[in-house]
Amino acid sequence: MEAVILTALGVGGATVFGSLLGFVFKRISHRFSDIVLSFAAGVMLSAAVLGLILPSLEYGGRFGIIITVAGIFAGALFLNVIDKLVPHLHKMVGADIEEHHKTSLSRVLLFVLAIAIHNLPEGIAAGVGFGAGDTSQALLIAGGIALQNIPEGMVIIGPLLSAGVSAKKTFLLALMTGAVEVLGTFIGYFAVSIASFILPFALAFAGGTMLYVISDEMIPETHAHGSERGATYALLAGFSVMLISDVLLG
């Protein structure tokens, strides 16, 4: 349980750490953001496949493939519904990085809300990983999510400050987005701990949410500003780093 608590704080704290960097680097170039985000996408892709989807197949038994495929699509559809209700996260990131002075306060707050809502299933994915009982895999998943949270935390600072929000309130909003991820981690962990029979589906569901975010948001955003070649290699590097880590820790 101590590992879960520390991981929850680490995953949520990554957003806060990113926001602190955002105060230092208020204007972030698209190229830098695309490379970092692509690396994080590669890490998340590897974590989703190795740490969530493959274990789902193993725990699913006779009907493992059916449960896993159903869980993947359920996770993707869940985030699809969320995208219908809140702003499309990374499209807003791309619009706001270099145009802070044109950003209205209401639009920025919607942007922060989008990050907070998307952080919930990411936190659940980290918690579900621990519920599977494989601590090393769970830590790899959490590490991938935490890495992705750093650039997200960075990009919310500039728009908020430029929209007239005080530095104190800006930091509190960033803290709230991280707290949502902490909550999600505990939800995921306790859900599969209380009802272990849902573990295969929960693992695949969490993997599906991560695949959705990578394909629908992260990759299109990183290929939209002329840095697609560098972004592609950054994604491969992130995937490889997680692959190597999995082999070394396995």
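Up top you'll find the structure we're talking about.
Residues numbered from 1 in each chain as written. Predicted model: local features only at pLDDT ≥ 70, side-chain atom pairs only at ≥ 80, totals over all residues. Heavy atoms only, no water.

Caption draft 1: Geometry of the overall build of the protein. Counting its secondary structure elements, the protein contains 10 helices and 0 strands. Mapped from its N terminus to its C terminus, the protein presents α and β elements in the order α-α-α-α-α-α-α-α-α-α. Here the protein holds 250 residues, and the buried ones make up 52% of them. Excluding contacts between residues fewer than 6 apart, the proportion of contacts in the protein whose partners are at least 24 apart in sequence is 87%. Counting only carbon and sulfur atoms, one obtains 72% of the accessible surface of the protein, whose full area is about 10900 Å². (Helix = DSSP H or I, 4+ residues; strand = E, 2+ residues; numbered from the N terminus. Buried < 20%, exposed > 50% of the residue type's maximum accessible area, 1.4 Å probe, protein only. Contact = heavy atoms within 4.5 Å. Areas by Shrake-Rupley, 256 points an atom, 1.4 Å probe, with all protein chains shown as cover.)

Caption draft 2: Broad picture of the side chain of S46. Relative to the helices and strands, S46 is located in helix 2 (residues 30-59). Apart from the residues lying within four places of it in its own chain, the contact partners of S46 are G51, F239, M242 and L243.

Caption draft 3: Inspection of the packing of aromatic side chains at higher detail. The full count for this structure, using the stated rule, is 4 aromatic pairs. Pairing F186 with F190 gives two aromatic rings, centres 6.4 Å apart and planes at 25°, and the pair type is stacked. With F186 and F190 both in helix 8 (residues 167-194) and 4 residues apart, the pair spans about one turn of that helix. On the accessibility criterion, F190 (37% relative accessible area) is partly exposed. Ring centres of F201 and F205 lie 6.3 Å apart, and the angle between their planes is 35°; on these two criteria the pair is classed as tilted. Taken together, the residues F201 and F205, both in helix 9 (residues 199-222) and 4 residues apart, mark about one turn of the helix. (Phe/Tyr/Trp six-rings, centres within 6.5 Å; stacked < 30°, edge-to-face > 60°.)

Caption draft 4: Quick peek at the side chain of T170. Within the secondary structure layout, T170 lies in helix 8. With relative accessibility at 0%, the residue T170 sits in the buried group. Contact partners of T170, with chain neighbours within four places excluded, come to F23, I157, L160, L161 and V165.

Caption draft 5: Molecular detail of the environment of E181. Relative to the helices and strands, E181 resides in helix 8. Separated by 172 residues in sequence, E181 and L9 place their C-alpha atoms 8.6 Å apart. When sequence neighbours within four positions are dropped, the list of residues in contact with E181 reads V11, G12, T15, N119, E122, G123, I145 and N149.

Caption draft 6: Inspection of the packing of helix 2 against helix 6 (residues 135-155) at higher detail. At their nearest, the axes of helix 2 and helix 6 sit 9 Å apart, and the two run at 160° to each other. One element, helix 2, and the other, helix 6, form an angle in the roughly antiparallel class. In terms of crossing hand, the pair formed by helix 2 and helix 6 is left-handed. Within the contact between the two elements, helix 2 uses F32, V36, L37, F39, A40, V43, M44, A47, L50, G51 and L52 and helix 6 uses Q137, L140, I141, G144, L147, Q148, P151 and M154. The residue inventory of the contact of helix 2 with helix 6, partitioned by class, reads 15 nonpolar, 4 polar and no charged. (Axes fitted to C-alpha atoms, helices over the stretch in contact; angles between N-to-C directions. Parallel < 35°, antiparallel > 145°, perpendicular 65-115°, else oblique. Left-handed = near helix turned anticlockwise from the far one by under 90°. Nonpolar A, V, L, I, M, F, W, Y, C, P; charged D, E, K, R; others polar.)

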